[in-house]
Every structure is written in C-alpha cells, then in structure tokens.
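This is what each chain is made of:
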Amino acid sequence: MSITSFSQLPLNPALAKRLIDLNYVIPTAVQSASLQPVLEGQDLVVKGKTGSGKTLVFALAILNKLQLQLQTNDVQALVLCPTRELADQVAQEIKSVAAMIGNVKVQTLCGGVSIEPQMRSLQHGAHIIVGTPGRVEEHVLNGSLILTEVQTLVFDEADQMLDMGFTETLESIAMYLPQMRQTLMFSATYPDKIMKLATQYMRSPELIEAQEEQVHHSIKQTFYRLDNNKMRFNALRVLLMQHQPQSCIVFCNTKAETKRLFEELRQTGLACVELHGDLDQGEREWSLLTFANKSANILVATDVAARGLDVDEVELVINYHLALEPQTHVHRVGRTGRGEHKGVALSLYGEKETFKVDQLIELYGQALKHGTLPSHSLLEKPAYKSNMVTLMIEGGKQQKLRKADIVGCLTGEDGISFKQIGKINIYDVQAFVAVKREAAKPALRKLNNSKIKNKRYKALRA
Ligand code: ADP
Ligand code: MG
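Report follows, based on the coordinates. Bear in mind that the values here come from a model prediction, so they are computed numbers and not experimental data.

Basis of the calculations
- Here the residue numbering is sequential within each chain, running from 1 through the sequence in written order.
- Each chain gets a letter, beginning with A, and each ligand a number, beginning with 1, in the order they are written.
- A pLDDT threshold of at least 70 governs which residues receive local features in this predicted model, and a stricter bar of 80 or more applies before side-chain atom pairs are shown or counted, although totals over entire chains, interfaces and linings include all residues.
- Excluding hydrogens and water, the side-chain figures rest on all heavy atoms present in the structure.
- When DSSP finds two or more bridges between a pair of strands, those strands are recorded as paired.
- Only DSSP runs of H or I reaching four residues or more are called helices, and only runs of E reaching two or more are called strands; each is numbered from the N terminus.
- A fitted line through C-alpha atoms represents every axis, and for helices the fit uses only the stretch in contact; the resulting angles, taken between N-to-C directions, go from 0 to 180 degrees.
- Consider each residue's heavy atoms; a residue with any of them within 4 Å of a molecule or strand counts as near.
- For this analysis, a polar contact is any N or O atom pair within 3.5 Å, provided that within protein one partner can donate a hydrogen and the other can accept it, and provided that sequence-adjacent residues contribute only side-chain to side-chain pairs.
- Accessible surface area values rest on a Shrake-Rupley calculation with a 1.4 Å probe, where residue burial reflects the displayed protein chains alone.
- Put simply, Ala, Val, Leu, Ile, Met, Phe, Trp, Tyr, Cys and Pro go in the nonpolar bin, Asp, Glu, Lys and Arg in the charged bin, and everything else, Gly too, in the polar bin.
- Each residue gets one of three labels from its accessible area relative to the maximum for its type: buried under 20%, exposed over 50%, partly exposed in between, using a 1.4 Å probe on protein chains only.
- Here, two residues are considered to be in contact whenever any of their heavy atoms come within 4.5 Å of each other.
- For Phe, Tyr and Trp, rings pair up if their centres lie within 6.5 Å, where Trp contributes its six-membered ring, and each pair is then called stacked (planes under 30 degrees apart), edge-to-face (over 60) or tilted (otherwise).
- Within this scheme, the nonpolar core is defined by two criteria: the residues are buried Ala, Val, Leu, Ile, Met, Phe, Trp, Tyr or Cys, and they are joined through side-chain atoms within 4.5 Å.

With that settled, the discussion passes to the sheet that holds strand 14 (residues 388–393). Read from one edge of the open sheet, four strands run 15-16-14-19, paired in antiparallel fashion. At either margin of the open sheet sits one strand with a lone partner, and together these are strand 15 (421–426) and strand 19 (459–461). Direction aside, the axes of adjacent strands within the sheet are offset by 25° on average. As judged from the three bridges shared by strand 14 and strand 19, these two strands associate in the antiparallel manner.

Structural data, given as structure tokens:
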C-alpha cells in the first residue's frame with residue numbers, strides 16, 4: 001500500500017514531529033511506496049533516480065527501531081556507500097532526522113584519512129556507522145568495529161558499489177553481520193548483478209520501483225548534432241554563454257576528458273570546478289563547496305563522482321558526450337529540474353554517437369528535439385561571471401564560530417544586507433561564506449574591521 005502522508009506511518013512521535021520541522025510534508029514516490037514495508041521490517045530493493053528521496057527511507061528504517069533507552073553503544077545500523085561524499089551526506093541527513101530523538105551517535109568511516117582517530121572514536125561506541133566498504137572492512141578485520149548487534153544493513157547506490165568492484169569487500173563484511181537483520185538496498189539502476197547481490201544477502205526481498213515518468217517530461221531537453229568532433233568545445237562554450245547558468249553540471253564519460261575539459265574551460269575565464277576520482281579530499285570538498293554556494297557556476301564531472309550528490313537548483317545539465325548507457329542519460333538529466341523547478345538539459349553528440357540517440361528515442365518513446373547552436377560571435381564576449389563569490393574567514397568550529405555569528409557580523413552597522421548572503425560552511429578552523437559579488441568588498445571590510453565573539457578574524461576572498 002502506498003501512503004500519501006507521513007502521518008499514516010507508525011513512527012516514533014519525535015521522528016514524526018521532526019519531519020514536520022524539516023518541512024517534509026508530502027512523501028516522494030519512492031517514500032510513498034517503500035516506507036510502510038520498510039517500517040514493518042521487510043527487506044527491500046528500492047530503485048529510484050538521484051533526488052528521489054531514498055535517504056529518508058533508510059534513515060527512518062534505522063532510527064525508528066533504534067534502541068537508545070538501553071544505554072547501549074553497540075552498532076545498530078551499518079550504511080555502506082560508494083564514496084566519501086555520499087557517506088558524509090548520508091550521515092548528515094541521518095543526524096538531521098535524528099536530532100529530536102536523543103543522543104544518537106553517527107560515525108562515518110571512510111578511507112583517505114588515517115585510521116587511528118577513527119579507531120579511537122569507535123572505542124566510545126556509535127549507534128550508526130556510515131562508511132565506504134574498504135574502510136569498513138579494515139575496521140571489521142582489525143577488530144575495531146563489531147557488527148554483531150546490527151539490526152539494519154543498508155547498501156546505498158548499490159549498483160555503483162558493484163561497478164566500483166566492491167563485490168568481494170561486501171561479501172567479507174557480510175560474514176561479520178548477524179543473520180537476523182533487515183537489509184535494504186538502494187540503486188538507481190537494476191542490473192542482474194543487483195538481483196544476485198539481493199538473493200545473496202536478503203530475505204525474500206521485495207522490489208520497489210517508483211515511476212520515473214516525471215523525469216522524461218518535466219525536463220526540457222535539446223540535442224545538438226555536431227558535424228565533427230573539433231566543434232565540441234566551442235559548441236559547449238556558446239551554449240554556456242547563451243544560457244549563462246549560475247549552476248550547471250557538464251558530464252563527461254571519462255576522468256581524462258573531465259580533467260582536460262575543466263582545464264580548457266577554466267582558461268576561458270568561466271567560473272568552473274572539476275569533480276572526478278583523481279582529486280584529493282581537500283580538492284573535492286572545495287569543488288563541492290563552491291559549486292553548492294554558486295561561486296563556481298560549472299561543475300565538470302564524471303558520472304561516478306557526481307552520482308547521488310545532493311545539490312539543489314541545478315539549472316542546466318550539459319552532456320559533453322552522450323552517456324554510455326541510456327539509463328545513465330536519464331539519471332544525468334534528472335539532476336536538473338527537481339521539485340518545482342523546470343530543468344533544462346542539453347546534449348552534444350557526433351556521428352559516432354548516433355546509435356545512442358536511437359537508444360534514447362526508444363527509451364523515451366518519442367522523437368528528440370534538436371536545436372541549432374547559437375552564433376559563435378558569443379565567444380568574443382568576455383566570460384560571464386558568477387553572481388556569488390566565496391569569502392574565507394580564518395576561524396571555525398574550534399573557535400566556536402556559528403552561522404548566526406557570521407550573519408550577525410555581516411549584517412551589522414555598515415555591513416551588507418541579509419539577502420546578499422548565500423551559503424555558509426563552517427569547518428574546523430575556517431569558515432566560508434558566499435556573498436553577492438557586489439557585496440564582496442563591503443563584506444570583507446566589515447569582517448576584517450569587526451570582532452566576532454570578541455575576537456578578530458582575518459577574512460579574505462577565497
Ligand atoms: P536520493 O538518495 O534518492 O538521490 P536524497 O535522499 O538525497 O535522494 O533526497 C534528495 C533531496 O530531497 C534531499 O535534499 C532531501 O532532503 C529532499 N527530500 C527527501 N524527501 C523529501 C520530502 N518528502 N519532501 C521534501 N524534500 C525531500
Ligand atoms: Mg542517495
């Protein structure tokens with residue numbers, strides 16, 4: 001049975017109230033179809049595109065049966081994600097939903113950072129672990145992570161974990177889990193491999209698939225046929241200059257192409273950043289931060305790196321090459337036009353890619369709209385600029401800086417207006433605030449000339 005309101009669910013009252021606070025009013029299609037069975041303890045395979053609200057499904061599955069009153073610090077839920085960014089995002093969402101039900105400890109365990117601090121932290125116990133398979137396995141094997149009390153096991157973006165070659169790692173982790181548990185699997189696509197994984201780890205799982213119809217019709221798609229490959233770069237540039245998006249993802253099929261294209265675009269003066277598997281942790285965070293706060297307008301990305309990342313209001317998606325699989329195309333263009341926003345997706349393709357166009361026509365069941373490229377005279381104009389710029393403040397969590405302190409300072413006497421302030425991100429010893437370009441100078445002056453919580457912090461344009 002599908003539900004039409006969260007109030008129909010047998011939820012812990014604190015969780016139900018929290019959903020209202022978070023403004024989660026109407027369940028998404030995926031949530032509507034899967035929450036009831038999930039809360040009854042059923043094993044599920046849930047197929048749904050990025051942005052369909054899958055995280056909340058497993059967050060509620062985990063939190064609704066979490067036993068806090070037992071004062072136990074045993075790990076009660078394990079969520080496996082393919083990448084560190086996803087793990088961070090998932091952990092954040094779980095914490096946010098859990099905010100009202102007591103002191104829930106959520107620990108992320110991802111590679112790329114040293115293992116010792118994680119081991120020390122695990123000694124204090126954690127209720128929920130969110131991590132990447134490799135690092136979780138390491139902890140399990142060296143005994144720092146005990147999984148015998150796990151009640152809920154979640155594979156998020158399962159298809160991607162399999163594509164990344166984690167099959168054996170998952171097998172190895174599963175050996176340490178109790179038989180009696182609920183297992184939930186989330187995936188954007190549903191290849192045979194997923195079925196195999198499901199039969200291996202789940203008890204008579206039900207497959208839930210939310211209709212993707214919306215995807216096909218709420219997004220305005222235009223295709224551009226290129227006569228030769230040399231035109232591709234300038235075709236992209238004129239489209240960017242025509243649309244001047246403040247938030248655009250350009251998809252490439254390979255890491256090498258992503259890097260090359262990013263370099264070339266950057267040289268034209270456009271505010272772009274890159275996202276692919278070869279970036280280190282700091283670089284990735286920087287790309288995501290500046291793209292999300294809109295001081296970088298264009299994110300050049302591979303599918304794998306951009307998968308599942310939750311950035312709202314992506315105005316425009318451009319396929320620099322058509323995706324290798326039609327399903328991936330659907331997934332890419334689904335990144336724009338979430339919720340009420342109407343999305344726009346543009347795709348470039350050459351002679352060798354026409355078979356992919358045929359596959360898409362078959363998938364969508366209709367002809368694809370083709371366009372002609374705008375005039376190349378647009379290339380003579382200077383690159384358009386981002387509306388926002390990022391300022392860096394040399395103080396963060398360790399100095400107990402909070403968003404409200406920064407907003408308070410900025411909007412104080414001779415400062416800037418609230419409307420000119422964008423996203424604020426606070427890290428350990430630094431904070432980043434996005435402001436409207438025209439407010440950057442006064443904002444910097446204000447930050448550098450005032451005290452926040454009785455201390456002066458240096459601020460500069462990042
Ligand atoms: P997925 O994992 O399917 O890609 P997410 O779980 O990341 O999608 O959800 C995408 C966005 O939608 C998130 O910002 C989330 O907070 C929001 N969201 C999820 N469910 C709802 C809902 N019922 N109402 C409004 N927003 C929602
Ligand atoms: Mg997700």
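Here the focus is the site of ligand 1. Around ligand 1 sit 15 residues, and of these Y24, Q31, G51, T55 and D310 come closest. G53 has a polar backbone atom sitting 3.1 Å from an oxygen atom of ligand 1. Separating an oxygen atom of ligand 1 from a side-chain N or O atom of K54 is a distance of 2.9 Å. Protein contact buries 81% of the 570 Å² of open area that ligand 1 shows by itself. Classifying every residue of the shell around ligand 1 by side-chain character gives four nonpolar, seven polar and four charged.

Of the residues making up helix 8 (residues 167–174), those classed as buried are T169, L170, S172, I173 and A174. Buried residues belonging to helix 8 abut strand 2 (77–80), helix 6 (133–141), strand 5 (152–155), helix 7 (158–163) and helix 9 (192–201).

Before going further, it helps to examine the pairing of strand 13 (residues 343–349). With six of its seven residues buried, strand 13 lies for the most part within the structure. Of the pairings in the sheet, the one linking strand 12 (residues 316–319) to strand 13 comprises four bridges and is parallel in character. Bridged to N319 within strand 13 is S347.

Evaluation of the coordinates by the stated rule reveals four aromatic pairs. An aromatic cluster is defined as three or more aromatic residues linked by ring pairs; in this entry it consists of W286, Y427 and F432.

Time to look at the nonpolar core. Judged by nonpolar contacts, the single largest core of 42 residues is most densely connected at F58, I62, L63, V79, I94, I128 and V130. For this core, the secondary-structure elements that each account for two or more residues are helix 1 (13–21), helix 2 (29–39), strand 1 (44–47), helix 3 (54–64), strand 2, helix 4 (84–98), strand 4 (128–131) and strand 6 (182–187). With eight residues, the single largest contributor to this core is helix 3. In contact with I128, other than residues within four places in its own chain, are I62, L63, L66, A77, I94, V104, K105, V106 and Q107. Counting 29 residues, the second largest nonpolar core, distinct from the first, contains L170, I194, L197 and M202.

Everything listed is a geometric property; what it means functionally is a separate question.
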